[in-house]
Amino acid sequence: SYPGRSYCGTPDYKCQHCGAIFWLRERVRSDSSVRDGRVVYNNCCKGGKVRIPPFRPRPQPLASLARYDGDARSNKFMKNIRQYNCLFAFTSMGAKIDRSMNDGRGPPVFKISGQVHHRIGSLLPSDGSPPKFIQLYIYDTANEVRNRLHALNPEERPCEPLDPKIVEGFAKMLDDHNPFAKQFRKARDRLAEHGDEDFVVRIVGAREGGPVQYNLPTTDQLAMLVVGDFTLDTFKRDIVIQARDGGLQQISTLHPYNLPTTDQLAMLVVGDFTLDTFKRDIVIQARDGGLQQISTLHPAFMALQYPLLFPFGEPGFQPDQPNPWLCYGALSSQAKVDARACIDENRLWYIIKNQKKTRLENMAGITDAVGRGCVDGSEIGKPTVLPASHTGGRRYMIQNYHDTIAICRVYGPPDFFVTFTCNPKWVEISEAIACEPGQKATDRADVVVRVYHMKLEELMQDVRDGTAFGPVIAVLHTVEFQKRGLPHAHIILWVAQDTSQPSPAFIDKFISAEIPDPDEDPLGYALVAEHMIHGPCGPGYETCPCMKNGKCSKKFPKAFQEETILDEGGFAVYKRPNNG
């Protein structure tokens, strides 16, 4: 009801090809005509070029437990969903995880530093050690629930104990629906019948030159229990798990599922073989296999690590194929970070493999090396150049910096520095997540980012056409993400008006450090009171984040100021009158 307030409406529009839901402002404006009823989107299926079947309904008990609006048992499960997933993960995850942010003062965050590794071991533990991960599907399954609860890493254990009945229910669910679990149960039975027989479980990899298929394969197409002789060409791109002495192998996220039947996805192989036989597959031995690293380009990569997200063994991330929807609270946050690491690794590998195609005319090798402090030839090595097209790389940052400085050289220093922050309580966000009761904005980063992008584009349009600050001659902006995941933009702009000698009246026209009058500007008053009032801090509030050495590091409370002035350094001291 506030006049002129930005509102993008509700996501009531659907792609005519795949049915994906959009806001009207997300349409392709050049190809759409609202008057003719033709609204075109290309952020989903690229205009019908990519066709993906709908995801299958979640099996029980996952469907009843993974709910944001469930009962007390469901709420407890959602709080510990990462731990429950870890109980059934086929692979282990290695990364430098930053746990310092989860101090209880904000939504949970999964943050890593550096590279992520996923490893898979042999089917049976060695040297009498307790079973972990994939071994829990094979070894001592008579005491499976107890073994799984004891296998949790101390750092992953929740404050409250996990429910053994939920663990038992998930074990049965995966046995009934997950192709990997089925094949590893077959391996268990095979070991029980033929304990001395050599075999491997093979998780099939990519076929060179094979087309990308979006239809989900059958169970037999994911993993196979292979017994008998085989040739080197048989298992070049599959995941093979040996029974003994297998070591650790890395799983590629490029592993596709364009295969035939269930037994063709994983096999128990019995007979002689070498590890070179299974270059692109994941091969799991029965005993003494050790750990092998799984490539992030293997399609089974995500399904092995997140069995609760992929209960049917669906393919995870791979080039030209999207991830399934993720609505599982903290587990979704972990999977999104993991998937982003896969994407970045895939991009970096492409750059490494295509160095000859990178333009290096501006590289003076010896000069650059000396400039970095290399004085010995052995220190130089073989360089790998990140092109300017790689977002976040050194050349990317330098190129954007030079573009900005070129604008400053022509127009001088910028006149305005504007920060535009996302508000998770925007009406559009609340309406979009209302489709699944109980969700919060922190559970749907995709909705938050899409709404923010629409509003940022609206703001930039107001800036460019002169509505916000008058006629503008240049504008630049960059988007960053805060520690808790909300985006914000920093905008600098040059106006046509001469601002070399700004007056207090000119500053007060755009900037106010006062609380708006609730009668004249009720919405402004409500927003400032909710989002822009600092504190409380000071004596009695020593735990406030801004408190340093007993004082507010932001220097609040500020002194009263009757009129806006410019101090000796040229900085504005904004008007803060003592008017109550």
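Summary of the structure given here. No experiment lies behind these values; they were computed from the predicted model shown.

Our focus in this paragraph is the overall build of the chain. On a plain count of helices and strands, the chain comes out with 14 helices and 17 strands. The buried share of the chain, reckoned over its 580 residues, is 39%. Contacts spanning at least 24 positions in sequence make up 72% of the contacts within the chain whose residues lie at least 6 apart. Entry remark: accessible area of the chain is about 32,800 Å², with carbon and sulfur atoms responsible for 52%.

Next up on the list: helix H8 (residues 330-353). The end-to-end C-alpha distance of H8 is 35 Å, a good match for the 34 Å that 24 residues give at a rise of 1.5 Å each. For H8, the complete set of buried residues consists of Leu331, Ser332, Gln334, Ala335, Asp338, Ala339, Cys342, Glu345 and Ile351.

What follows covers the nonpolar core. Within the largest apolar cluster, 54 residues are counted, with the highest numbers of intra-cluster contacts made by Phe77, Leu123, Phe184, Ile203, Ile241 and Ile284. Take this core: its biggest share by element is six residues, from helix H5 (residues 164-177).

What follows is about the pattern of salt bridges. As enumerated under the stated definition, the model contains 15 salt bridges in all. Measuring nitrogen to oxygen at the nearest pair gives 2.8 Å for the salt bridge that ties glutamate 530 to lysine 425. Linking glutamate 530 in helix H14 (residues 522-531) with lysine 425 in the loop between strand S11 (416-421) and helix H11 (427-433), this pair joins segments that are 105 residues apart in sequence. On the basis of relative accessible area, lysine 425 is assigned to the exposed category, the value being 55%. One network of salt bridges, in which partners are shared, links Glu144, Arg148, Asp175 and Arg185.

To continue, consider the pairing of strand S13 (residues 487-495). For S13, the tally of buried residues reaches eight of nine residues, placing the bulk of the element in the interior. Across six bridges, the pairing between S11 and S13 is antiparallel. Within S13, the position partnered with phenylalanine 416 by the bridge is leucine 493. Two elements, strand S12 (residues 472-481) and S13, share nine bridges in a ladder whose sense is antiparallel. Residue valine 472 lies in a different strand from S13, and its bridge partner there is valine 495. In sequence, S12 turns back onto S13 through a hairpin of five residues, with glycine 485 there showing a positive phi of about 100°.

Before going further, it helps to examine the side chain of arginine 27. Structurally, arginine 27 can be placed in the loop between strand S2 (21-22) and helix H1 (62-65). Comment: no salt bridge for buried arginine 27; closest opposite-charge side chain is glutamate 26, at 9.8 Å. Not counting residues within four places of it along the chain, the set of residues in contact with arginine 27 comprises Ser32, Val34, Val39, Val40 and Tyr41.

Turning our attention to the packing of aromatic side chains. Per the counting criterion, the structure on display carries 17 aromatic pairs. Arranged with centres 5.5 Å apart and planes meeting at 55°, the rings of phenylalanine 77 and phenylalanine 170 form a pair that is tilted. Residue phenylalanine 77 is found in helix H2 (residues 72-79), and its partner phenylalanine 170 is found in helix H5; the two are separated by 93 residues along the sequence. No difference in accessibility class separates phenylalanine 77 from phenylalanine 170, as the two residues are buried. When the centroid spacing of 6.4 Å and the interplanar angle of 20° are considered together, the rings of tryptophan 426 and tyrosine 452 count as stacked.

With that settled, consider the environment of methionine 101. Relative to the helices and strands, methionine 101 is located in the loop between strand S3 (92-98) and strand S4 (111-120). Judged by its relative accessible area of 13%, methionine 101 is buried. Along the backbone, methionine 101 and arginine 484 are 383 residues apart, and their C-alpha atoms lie at a distance of 8.8 Å. Those residues in contact with methionine 101 that lie beyond four places of it in its chain are Val109, Lys111, Lys483 and Arg484.

Glycine 535 connects to proline 536 through a cis peptide bond whose omega is 5°. Omega for the bond connecting phenylalanine 556 with proline 557 falls within 30 degrees of zero, at -5°, which places this linkage in the cis form. Topologically, proline 557 is positioned in the loop between strand S15 (551-552) and strand S16 (565-566). One non-glycine residue, asparagine 549, adopts positive backbone phi at about 55°. Of the residues examined, asparagine 549 reaches a relative accessible area of 80% and is grouped as exposed.

Right, let's get into a nonpolar patch on the surface. Taken together, the side chains of Val410, Tyr411 and Ile473 present a nonpolar region at the surface, about 300 Å² in accessible area. Within the secondary structure, valine 410 is located in helix H10 (residues 394-411).

Further remarks concern the sheet that holds S3. Ordered in space as S3-S4-S10, the three strands form an open sheet in which the pairing is antiparallel. Each edge of the open sheet is held by one strand with a lone partner, namely S3 and strand S10 (292-294). When the angles between neighbouring strand axes are averaged without regard to direction, this sheet yields 35°. Its contacts with the sheet place H8 against S3 and S4, and it is angled at close to 85° to S4.

The next thing to look at is the packing of helix H3 (residues 81-88) against H8. Here H3 crosses H8 at 65°, and the two axes come no closer than 7 Å. Packed against H3, whose contacting residues are Ile81, Arg82 and Asn85, the element H8 presents Ala330, Leu331 and Gln334 at the interface. Among the residues forming the contact of H3 with H8, the class breakdown is three nonpolar, two polar and one charged.

With respect to the helices, strands and loops of the structure, histidine 390 is situated in the loop between helix H9 (365-371) and H10. Contacts of histidine 390, omitting those with residues within four sequence positions, involve Leu348, Ile351 and Tyr396.

What counts, and where the lines are drawn
- Residues numbered from 1 in each chain as written.
- Predicted model: local features only at pLDDT ≥ 70, side-chain atom pairs only at ≥ 80, totals over all residues.
- Heavy atoms only, no water.
- Helix = DSSP H or I, 4+ residues; strand = E, 2+ residues; numbered from the N terminus.
- Buried < 20%, exposed > 50% of the residue type's maximum accessible area, 1.4 Å probe, protein only.
- Contact = heavy atoms within 4.5 Å.
- Areas by Shrake-Rupley, 256 points an atom, 1.4 Å probe, with all protein chains shown as cover.
- Expected span 1.5 Å × (residues − 1).
- Core = buried A, V, L, I, M, F, W, Y, C linked by side-chain atoms within 4.5 Å.
- Salt bridge = Lys/Arg side-chain N within 4 Å of Asp/Glu carboxyl O.
- Pairing = 2+ DSSP bridges.
- Lys, Arg positive; Asp, Glu negative; His and termini not counted.
- Phe/Tyr/Trp six-rings, centres within 6.5 Å; stacked < 30°, edge-to-face > 60°.
- Patch = residues over 30% accessible without salt bridge, like charges linked within 9 Å, V, L, I, M, F, W, Y side chains within 5 Å.
- Axes fitted to C-alpha atoms, helices over the stretch in contact; angles between N-to-C directions.
- Nonpolar A, V, L, I, M, F, W, Y, C, P; charged D, E, K, R; others polar.

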